[in-house]
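Working through the structure, step by step
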Amino acid sequence: MAHLSMNSPLGSLTVFEERGALVAIEWGRAPDPVSSPLLAEATDQLDAYFGGRLRAFDLPLRPAGTVFQRTVWALMGDIPYGATRTYGGFARTLGTAPRPVGGACGRNPIPIVIPCHRVVGAGGAMTGYSGGQGVATKRALLRLEAD
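Everything in this summary refers to the structure shown in the same document. Keep in mind it's a predicted model, so treat the numbers as computed, not measured.

**As for the side chain of T137**
- Of note, T137 is situated in helix 5 (residues 135–146).
- The contacts of T137, once residues within four sequence positions are left out, are L10, W27, Y129, G131 and G132.

**Concerning unusual backbone geometry**
- The phi dihedral of R19 is positive, around 50°, even though this residue is not glycine.
- By the secondary structure assignment, R19 is in the loop between strand 2 (11–18) and strand 3 (21–27).
- The phi dihedral of D32 falls on the positive side, at around 55°, and the residue is not glycine.
- Locating D32 in the fold gives a position in the loop between strand 3 and helix 1 (37–50).

**Quick word on the pattern of salt bridges**
- By the definition in use, this model includes two salt bridges.
- R19 is the partner of E18 in a salt bridge, and the nearest nitrogen-oxygen pair spans 3.6 Å.
- Residue E18 is classed as partly exposed on the basis of its relative accessible area, which comes to 32%.
- For E145, the salt bridge goes to R118, with nearest N and O atoms at 2.9 Å.

**Some words on the side chain of T43**
- Residue position: T43 is located in helix 1.
- Note on T43: relative accessible area 8%, which makes it buried.
- Side-chain polar atoms of T43 contact the backbone oxygen of A40, separated by 3.0 Å.
- If near-sequence neighbours (up to four positions away) are discounted, T43 is found in contact with L4, M6 and V15.

**Focus: the packing of aromatic side chains**
- Within the structure shown, the criterion is met by four aromatic pairs.
- Plain terms: the ring middles of W27 and Y129 are 6.1 Å apart, the flat faces sit at 90° to each other, and that makes the pair edge-to-face. Of this pair, W27 sits in strand 3 while Y129 sits in the loop between strand 5 (119–120) and helix 5, and the two are 102 residues apart along the sequence.
- What makes Y129 buried here is its relative accessible area of 12%.
- Here the aromatic rings of Y49 and F57 are separated by 5.4 Å at their centres, their planes lie at 40°, and the arrangement is tilted.
- Through successive ring pairs, a cluster of aromatic residues spans Y49, F50, F57 and Y81.

Definitions and limits used
- Here the residue index of a chain counts from 1 through its sequence in written order.
- In keeping with the model being predicted, local features are shown solely for residues with a pLDDT of at least 70 and side-chain atom pairs are shown and tallied solely at 80 or more, while totals for entire chains, interfaces and linings include all residues.
- The side-chain figures draw on all heavy atoms in the structure; neither hydrogens nor water molecules are used.
- Strands are runs of DSSP state E lasting at least 2 residues, helices are runs of H or I lasting at least 4, and numbering of each runs from the N terminus.
- Only heavy atoms enter the contact rule, under which two residues are in contact if any of them lie within 4.5 Å.
- Criterion for a salt bridge: a side-chain nitrogen of Lys or Arg within 4 Å of a carboxyl oxygen of Asp or Glu.
- Classification of residues uses two cut-offs on accessible area relative to the type maximum, computed with a 1.4 Å probe and protein chains only: under 20% is buried, over 50% is exposed, and between them is partly exposed.
- Identification of polar contacts relies on pairs of N or O atoms within 3.5 Å, with a donor-acceptor requirement for protein atoms, meaning one able to donate a hydrogen and the other able to accept it, and with residues adjacent in sequence counted only if both atoms are side-chain atoms.
- Any two of the Phe, Tyr and Trp rings considered here, Trp counted by its six-membered ring, make a pair once their centres fall within 6.5 Å; the pair's planes then place it as stacked at under 30 degrees, edge-to-face at over 60, or tilted in between.

Quick look at the structure:
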């Protein structure tokens, strides 16, 4: 699978492509990079995002997951830059409980681009984040968007 690693303010990230779409972003570096125009564009957009010059990503995405997970991820993609939504609010929209929404957030394979960091607990509680340094990374991403 084609992949390209990059440095970010939150540590190294590796972006993965399959069949012309991004399928994953993981913390850390992967060996033996195989780049592509899409991966170069993705890293450029991530650099612009971290530099405060990009508020919305424009990349083809193909996250693998269940229908429910993909539905939650699509809703996350609609959260505006700098805004947050709650697990409970998503649960009400989907007619489910907050815990399955949190589970889908935790399984998001394309963090940052699919902005799971913008989903918080009731009252703005930082309840978890699956990437980087966990909640500290989530807070850093939200601070970046608040500037």
